[in-house]
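Commentary on secondary and tertiary structure
Read off the chains here:
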Amino acid sequence: MHFHILTLFPEMVLGGLNTSITGRAMEKGLISVDAINIRDYSQDKHRHVDDYPYGGGAGMVMQPGPVCDAYEALAARTGKRPRVIYLTPQGRVLNQKIAEDLAKEEDLVLLCGHYEGIDERALELIVTDYLSIGDYVLTGGELPAMVLIDCVSRLVPGVLNNESSAEFESFHDNLLEYPQYTRPENFRGLTVPPVLLSGHHQKIDAWRRERSIERTLRRRPDLLEDAVLAPKEQAYLEALREAIAREETARPEDGPDAGKTDLQ
Ligand code: ADE
(Lines give C-alpha, C1' and ligand atoms only; values in the text may rest on other atoms or scores of the structure.)
Protein backbone atom coordinates (compact mmCIF):
# COMPACT_ATOMS: atom_id res chain seq x y z
CA MET A 1 0.00 0.00 0.00
CA HIS A 2 1.36 3.41 -0.96
CA PHE A 3 0.68 6.57 1.05
CA HIS A 4 1.44 9.94 -0.55
CA ILE A 5 1.32 12.91 1.81
CA LEU A 6 0.92 16.42 0.42
CA THR A 7 2.33 18.64 3.15
CA LEU A 8 4.34 21.74 3.99
CA PHE A 9 6.27 19.74 6.63
CA PRO A 10 7.60 16.53 5.01
CA GLU A 11 10.23 15.95 7.69
CA MET A 12 7.57 15.95 10.41
CA VAL A 13 5.54 13.10 8.93
CA LEU A 14 8.50 11.05 7.73
CA GLY A 15 10.27 11.35 11.08
CA GLY A 16 7.23 10.03 12.91
CA LEU A 17 6.45 7.14 10.58
CA ASN A 18 10.01 5.89 10.05
CA THR A 19 10.09 4.29 13.49
CA SER A 20 8.45 1.31 15.17
CA ILE A 21 5.91 -0.88 13.36
CA THR A 22 5.26 1.48 10.44
CA GLY A 23 9.04 1.89 9.98
CA ARG A 24 9.49 -1.88 9.84
CA ALA A 25 6.58 -2.20 7.40
CA MET A 26 8.33 0.33 5.17
CA GLU A 27 11.61 -1.60 5.38
CA LYS A 28 9.80 -4.81 4.46
CA GLY A 29 8.17 -3.05 1.49
CA LEU A 30 4.65 -3.72 2.79
CA ILE A 31 3.88 0.00 2.78
CA SER A 32 5.59 3.05 1.33
CA VAL A 33 5.23 6.63 2.47
CA ASP A 34 6.32 9.56 0.38
CA ALA A 35 5.97 13.13 1.51
CA ILE A 36 5.53 15.68 -1.25
CA ASN A 37 6.40 19.24 -0.31
CA ILE A 38 3.59 21.49 -1.55
CA ARG A 39 6.06 24.41 -1.40
CA ASP A 40 8.01 22.80 -4.27
CA TYR A 41 5.01 23.67 -6.45
CA SER A 42 4.86 27.34 -5.45
CA GLN A 43 4.47 29.66 -8.43
CA ASP A 44 6.20 32.51 -6.67
CA LYS A 45 9.88 33.39 -6.44
CA HIS A 46 9.75 33.55 -2.63
CA ARG A 47 8.16 30.07 -2.54
CA HIS A 48 4.98 31.43 -0.93
CA VAL A 49 2.03 29.04 -0.86
CA ASP A 50 -0.50 31.16 1.07
CA ASP A 51 -2.24 34.51 0.74
CA TYR A 52 -4.84 36.73 2.46
CA PRO A 53 -8.45 35.55 2.39
CA TYR A 54 -10.79 37.28 -0.06
CA GLY A 55 -13.48 39.07 1.93
CA GLY A 56 -11.12 39.68 4.84
CA GLY A 57 -10.72 37.85 8.11
CA ALA A 58 -7.94 36.43 10.19
CA GLY A 59 -5.06 34.29 8.98
CA MET A 60 -3.83 33.10 5.63
CA VAL A 61 -5.28 30.62 3.15
CA MET A 62 -3.27 28.05 1.19
CA GLN A 63 -3.49 28.86 -2.51
CA PRO A 64 -5.09 26.33 -4.87
CA GLY A 65 -2.29 26.26 -7.50
CA PRO A 66 0.52 24.53 -5.55
CA VAL A 67 -1.90 21.99 -4.02
CA CYS A 68 -3.44 20.99 -7.36
CA ASP A 69 -0.08 21.00 -9.15
CA ALA A 70 1.44 18.74 -6.48
CA TYR A 71 -1.42 16.26 -7.00
CA GLU A 72 -1.29 16.46 -10.80
CA ALA A 73 2.48 15.82 -10.76
CA LEU A 74 1.92 12.76 -8.58
CA ALA A 75 -0.83 11.52 -10.92
CA ALA A 76 1.44 11.99 -13.96
CA ARG A 77 4.34 10.23 -12.21
CA THR A 78 2.34 7.21 -11.07
CA GLY A 79 -0.20 7.02 -13.90
CA LYS A 80 -3.00 6.83 -11.28
CA ARG A 81 -5.49 9.25 -9.74
CA PRO A 82 -5.81 7.88 -6.19
CA ARG A 83 -8.39 8.88 -3.60
CA VAL A 84 -7.45 12.15 -1.88
CA ILE A 85 -8.22 12.46 1.81
CA TYR A 86 -8.29 15.96 3.23
CA LEU A 87 -7.65 15.93 6.97
CA THR A 88 -9.96 18.48 8.55
CA PRO A 89 -12.02 18.81 11.72
CA GLN A 90 -14.98 19.30 9.34
CA GLY A 91 -14.70 15.72 8.05
CA ARG A 92 -16.33 12.44 9.05
CA VAL A 93 -14.73 11.18 12.25
CA LEU A 94 -12.30 8.32 11.53
CA ASN A 95 -13.26 4.94 12.95
CA GLN A 96 -12.18 1.32 12.49
CA LYS A 97 -14.73 0.67 9.76
CA ILE A 98 -13.49 3.61 7.68
CA ALA A 99 -9.89 2.41 8.24
CA GLU A 100 -10.85 -1.07 6.98
CA ASP A 101 -12.37 0.47 3.87
CA LEU A 102 -9.27 2.59 3.21
CA ALA A 103 -6.97 -0.42 3.69
CA LYS A 104 -8.42 -1.90 0.48
CA GLU A 105 -6.89 0.90 -1.62
CA GLU A 106 -3.52 0.47 -3.31
CA ASP A 107 -2.68 4.19 -3.13
CA LEU A 108 -3.96 6.95 -0.88
CA VAL A 109 -3.18 10.64 -0.99
CA LEU A 110 -3.36 12.55 2.30
CA LEU A 111 -3.70 16.29 1.99
CA CYS A 112 -2.54 18.31 5.00
CA GLY A 113 -3.77 21.86 5.42
CA HIS A 114 -2.32 24.68 7.49
CA TYR A 115 -3.14 28.29 8.37
CA GLU A 116 -6.87 28.95 7.91
CA GLY A 117 -7.24 26.06 5.48
CA ILE A 118 -6.99 25.51 1.74
CA ASP A 119 -8.72 27.48 -1.02
CA GLU A 120 -12.07 25.76 -1.58
CA ARG A 121 -11.49 25.36 -5.33
CA ALA A 122 -8.50 23.06 -4.82
CA LEU A 123 -10.64 20.93 -2.51
CA GLU A 124 -13.47 20.80 -5.05
CA LEU A 125 -11.07 19.72 -7.77
CA ILE A 126 -9.09 16.96 -6.08
CA VAL A 127 -10.52 15.87 -2.71
CA THR A 128 -12.63 12.69 -2.57
CA ASP A 129 -12.92 12.23 1.24
CA TYR A 130 -12.99 14.62 4.20
CA LEU A 131 -11.81 12.99 7.42
CA SER A 132 -11.32 14.21 10.98
CA ILE A 133 -9.52 12.36 13.77
CA GLY A 134 -11.79 13.77 16.47
CA ASP A 135 -13.78 16.78 17.58
CA TYR A 136 -10.91 19.07 18.49
CA VAL A 137 -8.79 21.42 16.42
CA LEU A 138 -5.10 20.88 15.68
CA THR A 139 -2.68 23.30 14.02
CA GLY A 140 -2.41 21.25 10.83
CA GLY A 141 -3.22 17.99 9.10
CA GLU A 142 0.16 16.28 9.63
CA LEU A 143 -0.60 14.59 12.95
CA PRO A 144 -4.03 13.42 11.69
CA ALA A 145 -2.35 12.05 8.52
CA MET A 146 0.11 10.12 10.69
CA VAL A 147 -2.72 8.77 12.84
CA LEU A 148 -4.57 7.62 9.75
CA ILE A 149 -1.50 5.99 8.18
CA ASP A 150 -0.69 4.16 11.42
CA CYS A 151 -4.25 2.92 11.79
CA VAL A 152 -4.62 1.80 8.15
CA SER A 153 -1.10 0.28 7.86
CA ARG A 154 -1.64 -2.17 10.69
CA LEU A 155 -4.54 -3.64 8.70
CA VAL A 156 -2.24 -4.39 5.75
CA PRO A 157 -1.43 -8.13 5.80
CA GLY A 158 2.01 -8.83 7.28
CA VAL A 159 2.43 -5.48 9.05
CA LEU A 160 1.60 -6.90 12.49
CA ASN A 161 3.71 -9.88 13.54
CA ASN A 162 0.74 -11.86 14.67
CA GLU A 163 -1.85 -11.92 11.89
CA SER A 164 -4.63 -12.63 14.35
CA SER A 165 -3.91 -9.68 16.62
CA ALA A 166 -5.62 -7.10 14.42
CA GLU A 167 -8.68 -9.29 14.39
CA PHE A 168 -9.30 -9.88 18.08
CA GLU A 169 -8.55 -6.54 19.62
CA SER A 170 -10.56 -3.50 20.60
CA PHE A 171 -13.52 -2.97 18.25
CA HIS A 172 -13.68 -6.56 17.09
CA ASP A 173 -17.44 -7.25 17.13
CA ASN A 174 -17.73 -3.64 18.31
CA LEU A 175 -16.49 -4.60 21.79
CA LEU A 176 -13.52 -3.21 23.69
CA GLU A 177 -10.66 -5.55 24.46
CA TYR A 178 -10.58 -7.53 27.73
CA PRO A 179 -7.93 -6.69 30.36
CA GLN A 180 -4.49 -8.23 29.85
CA TYR A 181 -2.00 -9.45 32.47
CA THR A 182 1.60 -10.65 32.40
CA ARG A 183 4.21 -11.60 35.00
CA PRO A 184 4.50 -11.19 37.95
CA GLU A 185 1.48 -13.08 39.21
CA ASN A 186 1.29 -10.82 42.25
CA PHE A 187 2.07 -7.13 41.76
CA ARG A 188 1.88 -4.99 44.90
CA GLY A 189 -0.78 -7.27 46.32
CA LEU A 190 -2.84 -7.26 43.12
CA THR A 191 -3.16 -10.77 41.72
CA VAL A 192 -3.90 -12.09 38.25
CA PRO A 193 -7.49 -13.42 37.89
CA PRO A 194 -7.17 -17.16 38.73
CA VAL A 195 -9.06 -18.31 35.60
CA LEU A 196 -6.13 -17.06 33.46
CA LEU A 197 -3.79 -19.43 35.31
CA SER A 198 -6.16 -22.39 35.03
CA GLY A 199 -5.07 -23.54 31.56
CA HIS A 200 -8.77 -24.09 30.78
CA HIS A 201 -9.08 -22.40 27.38
CA GLN A 202 -12.84 -22.47 27.11
CA LYS A 203 -13.22 -20.87 30.53
CA ILE A 204 -10.58 -18.29 29.66
CA ASP A 205 -12.37 -17.39 26.41
CA ALA A 206 -15.69 -17.09 28.22
CA TRP A 207 -14.15 -14.91 30.96
CA ARG A 208 -12.51 -12.64 28.38
CA ARG A 209 -15.76 -12.24 26.44
CA GLU A 210 -17.59 -11.25 29.62
CA ARG A 211 -14.89 -8.74 30.57
CA SER A 212 -15.10 -7.28 27.05
CA ILE A 213 -18.85 -6.88 27.33
CA GLU A 214 -18.60 -5.40 30.81
CA ARG A 215 -15.83 -2.99 29.85
CA THR A 216 -17.74 -1.82 26.79
CA LEU A 217 -20.88 -1.25 28.88
CA ARG A 218 -18.97 0.82 31.42
CA ARG A 219 -16.67 2.77 29.12
CA ARG A 220 -18.31 2.95 25.69
CA PRO A 221 -21.96 1.91 25.97
CA ASP A 222 -22.63 3.57 22.59
CA LEU A 223 -20.66 0.77 20.88
CA LEU A 224 -23.05 -1.90 22.18
CA GLU A 225 -25.76 -0.80 19.74
CA ASP A 226 -23.86 -2.52 16.93
CA ALA A 227 -22.16 -5.27 18.96
CA VAL A 228 -22.47 -8.88 17.81
CA LEU A 229 -23.54 -10.95 20.84
CA ALA A 230 -24.64 -14.57 21.25
CA PRO A 231 -28.01 -15.02 23.09
CA LYS A 232 -26.15 -16.03 26.29
CA GLU A 233 -23.96 -12.96 26.06
CA GLN A 234 -26.99 -10.75 25.48
CA ALA A 235 -28.50 -12.19 28.68
CA TYR A 236 -25.24 -11.49 30.54
CA LEU A 237 -25.30 -7.90 29.28
CA GLU A 238 -28.89 -7.41 30.47
CA ALA A 239 -28.05 -8.82 33.93
CA LEU A 240 -25.06 -6.50 34.13
CA ARG A 241 -27.15 -3.50 33.09
CA GLU A 242 -29.70 -4.27 35.81
CA ALA A 243 -26.98 -4.74 38.45
CA ILE A 244 -25.48 -1.35 37.56
CA ALA A 245 -28.92 0.32 37.61
CA ARG A 246 -29.63 -1.25 41.06
CA GLU A 247 -26.37 0.10 42.43
CA GLU A 248 -26.96 3.54 41.05
CA THR A 249 -30.26 3.79 42.89
CA ALA A 250 -28.75 2.27 46.06
CA ARG A 251 -25.88 4.71 46.60
CA PRO A 252 -24.61 8.14 45.58
CA GLU A 253 -22.64 8.30 42.34
CA ASP A 254 -19.23 9.10 43.78
CA GLY A 255 -19.24 6.76 46.76
CA PRO A 256 -16.22 4.55 47.56
CA ASP A 257 -17.67 1.63 45.58
CA ALA A 258 -18.51 3.62 42.46
CA GLY A 259 -17.98 1.49 39.41
CA LYS A 260 -18.41 -1.89 41.13
CA THR A 261 -21.29 -4.32 40.65
CA ASP A 262 -22.46 -7.43 42.44
CA LEU A 263 -21.56 -9.37 39.27
CA GLN A 264 -17.85 -8.68 39.78
N1 ADE B 1 -6.78 19.42 11.23
C2 ADE B 1 -6.91 20.17 12.33
N3 ADE B 1 -7.59 19.52 13.27
C4 ADE B 1 -7.92 18.31 12.75
C5 ADE B 1 -8.64 17.18 13.22
N6 ADE B 1 -9.19 17.16 14.43
N7 ADE B 1 -8.77 16.13 12.41
C8 ADE B 1 -8.25 16.15 11.18
N9 ADE B 1 -7.58 17.18 10.67
C10 ADE B 1 -7.41 18.27 11.44
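Residues numbered from 1 in each chain as written. Predicted model: local features only at pLDDT ≥ 70, side-chain atom pairs only at ≥ 80, totals over all residues. Heavy atoms only, no water.

1. Focus: helix 1 (residues 10–17)
The cut-off we apply is this: Accessible area is worked out with a 1.4 Å probe on protein chains only. A residue is then buried under 20% of its type maximum, exposed over 50%, and partly exposed in between. A run of DSSP states H or I qualifies as a helix once it reaches four residues; a run of E qualifies as a strand once it reaches two. Both are numbered from the N-terminal end. By definition, the arc is the one covered by directions from the helix axis to the C-beta atoms. Residues are treated as being in contact if the distance between any of their heavy atoms lies within 4.5 Å.
Buried within helix 1 are the following residues: Pro10, Val13 and Leu17. When helix 1 is viewed along its axis, its buried side chains cluster within an angular range of 80° and face the same direction. Residues of helix 1 that are buried in the fold lie against strand 1 (2–7), helix 2 (20–27), strand 2 (32–37) and helix 6 (142–153).

2. Focus on the pairing of strand 1
This is how it is decided: Only strands that DSSP links by at least two bridges are regarded as paired with each other.
Taken across its six residues, strand 1 has five buried, putting it largely inside the fold. Here strand 1 pairs with strand 2 via six bridges, running parallel. When the bridges of strand 2 are listed, isoleucine 5 appears paired with alanine 35. Bridge count between strand 1 and strand 6 (residues 107–112): five bridges; the pairing is parallel. In the sheet register, histidine 2 faces strand 6, and the bridge partner there is aspartate 107.

3. Let's talk about the packing of aromatic side chains
Basically, it comes down to this: A pair of aromatic rings is counted whenever rings of Phe, Tyr or Trp (Trp by its six-membered ring) have centres within 6.5 Å, and the orientation is called stacked for planes under 30 degrees apart, edge-to-face for over 60 and tilted otherwise.
According to the stated counting rule, one finds one aromatic pair in the structure shown. Measuring from ring centre to ring centre gives 6.1 Å for tyrosine 86 and tyrosine 130, while their planes differ by 80°; the resulting arrangement is edge-to-face. Residue tyrosine 86 is located in strand 5 (residues 83–93), and its partner tyrosine 130 is located in strand 7 (residues 129–132); the two are separated by 44 residues in the primary sequence. The buried category is assigned to tyrosine 86, whose relative accessible area is 8%.

4. Description of the domain arrangement of the protein
How big an interface is tends to be stated in terms of the accessible area lost upon association of its parts. Quick note on the threshold: Domain extents, as shown, originate in an automatic or database domain assignment.
Domain assignment breaks the protein into domain 1 (2–153) and domain 2 (186–250). Just the C-alpha atoms count here: the centres of domain 1 and domain 2 sit 40 Å apart.

5. Notes on the pattern of salt bridges
Note the cut-off: Any carboxyl oxygen of Asp or Glu within 4 Å of a side-chain nitrogen of Lys or Arg constitutes a salt bridge here.
Within this structure, the stated rule accounts for 14 salt bridges. Where aspartate 173 meets arginine 209, a salt bridge forms, and the shortest distance between an N and an O atom there is 3.1 Å. Taken together, the residues span a long stretch of sequence, with aspartate 173 in the loop between helix 6 and strand 8 (186–187) and arginine 209 in helix 7 (residues 201–219) at a distance of 36 residues. Of the residues examined, aspartate 173 reaches a relative accessible area of 25% and is grouped as partly exposed. You can call arginine 209 partly exposed: its relative accessible area is 23%. One salt bridge in this structure joins glutamate 233 and arginine 209, with 2.7 Å as the shortest N-O distance. Note that glutamate 233 is positioned in helix 8 (residues 231–250) and arginine 209 in helix 7, a separation of 24 residues in sequence. Overall, glutamate 233 belongs to the buried group, its relative accessible area being 15%. Each of the salt bridges in this network shares a partner with another, and the network as a whole consists of Arg83, Asp101, Glu105 and Asp129.

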